[in-house]
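Spelled out from the first residue to the last, the chains are:
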Amino acid sequence: MAGIRDANSELREKKALSGSVALVTGGSRGIGRAIAHRLAGLGASVAICGRDRKALEDSAASLKKLGPRAFAQVADVTQAGPVSELVAKTEAALGPITILVNNAGIGLFGPAHEKTEADWDRILDSNLKSVFLVSRTVVPSMIKRGSGDIINISSLAGKSTFAGGGIYCASKWGLMGLSGCMAEDLRDHGIRVSVICPGSVATEFSGSRPKDPSKALSAEDVAHAIEAIVTQRPGSFLSEMQLRPLRKA
Ligand SMILES: NC(=O)c1ccc[n+]([C@@H]2O[C@H](COP(=O)([O-])OP(=O)(O)OC[C@H]3O[C@@H](n4cnc5c(N)ncnc54)[C@H](OP(=O)(O)O)[C@@H]3O)[C@@H](O)[C@H]2O)c1
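The structure reproduced in this document is the subject of the present report. (Residues numbered from 1 in each chain as written. Predicted model: local features only at pLDDT ≥ 70, side-chain atom pairs only at ≥ 80, totals over all residues.)

1. Topic: the overall build of the protein chain
- A count of helical and extended segments in the protein chain gives 7 helices and 7 strands.
- Secondary structure elements of the protein chain, listed N to C terminal, follow the sequence α-β-α-β-α-β-α-β-α-β-α-β-α-β.
- Compactness check: the protein chain gives a C-alpha radius of gyration of 17 Å against a globular reference of 18 Å for 249 residues, within 12% of the reference.
- Taken across its 249 residues, the protein chain has 44% of its residues classed as buried. (Helix = DSSP H or I, 4+ residues; strand = E, 2+ residues; numbered from the N terminus. Rg over C-alpha atoms; globule rule 2.2 N^0.38 Å. Buried ≥ 20, exposed ≤ 12 C-beta atoms within 10 Å, placed from the backbone.)

2. Digging into the site of the ligand
- Near the ligand there are 30 residues, and of these Gly26, Gly30, Asp52, Gly105 and Phe205 occur at the shortest range.
- Elements represented by at least two residues in the shell around the ligand include exactly helix H2 (30-41), strand E2 (45-50) and helix H5 (117-145).
- Top contributing element to the shell around the ligand by residue count: H2, with 3 residues.
- Class assignment of the residues belonging to the shell around the ligand gives a composition of 11 nonpolar, 14 polar and 5 charged. (Near = placed C-beta within 6 Å. Nonpolar A, V, L, I, M, F, W, Y, C, P; charged D, E, K, R; others polar.)

3. Quick notes on helix H3 (residues 53-64)
- With 12 residues, H3 should reach 16 Å at 1.5 Å per residue; the first-to-last C-alpha distance of 16 Å fits that figure.
- If you check which residues of H3 are buried, you get Leu56, Ser59, Ala60 and Leu63. One side of H3 carries all its buried residues, which in axial view fall inside an arc of 100°. Opposite the buried face of H3, by more than 90 degrees, sit the exposed residues Lys54 and Ala61. (Expected span 1.5 Å × (residues − 1). Arc of directions from axis to C-beta.)

4. What to know about the packing of H2 against H3
- At a closest axis distance of 10 Å, the pairing of H2 and H3 adopts a crossing angle of 20°. If you check the angle between H2 and H3, you find them roughly parallel. The interaxial crossing formed by H2 with H3 has right-handed handedness. Residue-level contacts link Arg33, Ala36, His37 and Ala40 of H2 to Ser59, Ser62 and Leu63 of H3.
- Of the residues assigned to the contact of H2 with H3, the class counts are 3 nonpolar, 3 polar and 1 charged. (Axes fitted to C-alpha atoms, helices over the stretch in contact; angles between N-to-C directions. Parallel < 35°, antiparallel > 145°, perpendicular 65-115°, else oblique. Left-handed = near helix turned anticlockwise from the far one by under 90°. Contact = placed C-beta atoms within 7 Å.)

5. Comments concerning the environment of Leu238
- Structurally, the position occupied by Leu238 is in the loop between helix H7 (219-230) and strand E7 (240-243).
- Residue class for Leu238 comes out partly exposed when judged on the 15 C-beta atoms lying within 10 Å of it.
- Taking C-alpha positions, Leu238 is 8.4 Å from Arg192, a pair spaced 46 residues apart along the chain.
- Setting aside anything within four residues of it in sequence, one finds Leu238 in contact with Ser194, Ala228, Ile229 and Gln232.

6. What about the pairing of strand E4 (residues 99-102)?
- Residues Ile99 and Val101 of E4 are buried on one face, and the alternating residues Leu100 and Asn102, pointing to the opposite face, are buried as well.
- As judged from the 3 bridges shared by strand E1 (residues 21-25) and E4, these two strands associate in the parallel manner. Bridge pairing in E4 links Leu23 to Leu100.
- As paired elements, E4 and strand E5 (residues 148-153) share 4 bridges and run parallel to each other. Along E5, the bridge assignment pairs Val101 with Ile151.
- Between the parallel pair E4 and E5, the chain is carried across by H5, and the sense of this crossover is right-handed. (Pairing = 2+ DSSP bridges. Right-handed = clockwise from strand over helix to strand, strands pointing away.)

This is the structure:
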């Protein structure tokens, strides 16, 4: 264990990601904020987006204290126009995106038969269509450069089913399919596509926190998994990570 910790702190000291440019969608709070801060601490220039300007500015202000450069843009990742603008402005401010973390997402729970068409569209657009929109905008320049990391934040709900999970599980199972196919489409271009499936994480996701945070993951746990993925040596990739709290709720 000591050896692993030493190796990790050495990587941080050496700023393993200096020269990298990361875009983290939904970097204003929760898991995305922890990921953005971890990547900045490793030396990456980091861009974040979200819809709430105040939360975004707060996250960007603390990012600027950590990394070489930070950029924040109010953007709704469910819409193609704002996504194009987000990517163009990020690349103008920081340079070509080398790491994309598709993290933005929302939850809605309860029996699917009680939900509306608008509920379905909102969840599928936020958790699945957004990944398609942002990835297809970022990928062409990664292909040109022959390298890149794309990490999609799915969920254990993308691997299992449970009562009340209908629409959310559908979005995350869809994301698992999209991620696997993107990985196959892009590996020969030198682009690594990974997917992380966390269990319950103590954030304000869907307006509630887990009853017992000691039996949930922290956003930092997910950031640690991201660090493992982006510092994996070239020539191999961690295609899928399932992350569980040690103690069951
Ligand atoms: N928390 C959990 O237990 C858990 C477990 C497994 C997987 N996940 C996944 O982890 C990801 C992050 O969840 P979290 O717990 O960190 O949630 P959170 O605290 O609610 O944060 C979600 C982030 O996404 C942004 N966002 C949501 N919709 C957006 C949109 N249309 N356009 C741009 N930004 C948007 C939010 O900002 P604005 O609201 O300001 O737009 C916020 O920054 C999600 O994909 C979620 O499905 C969460």
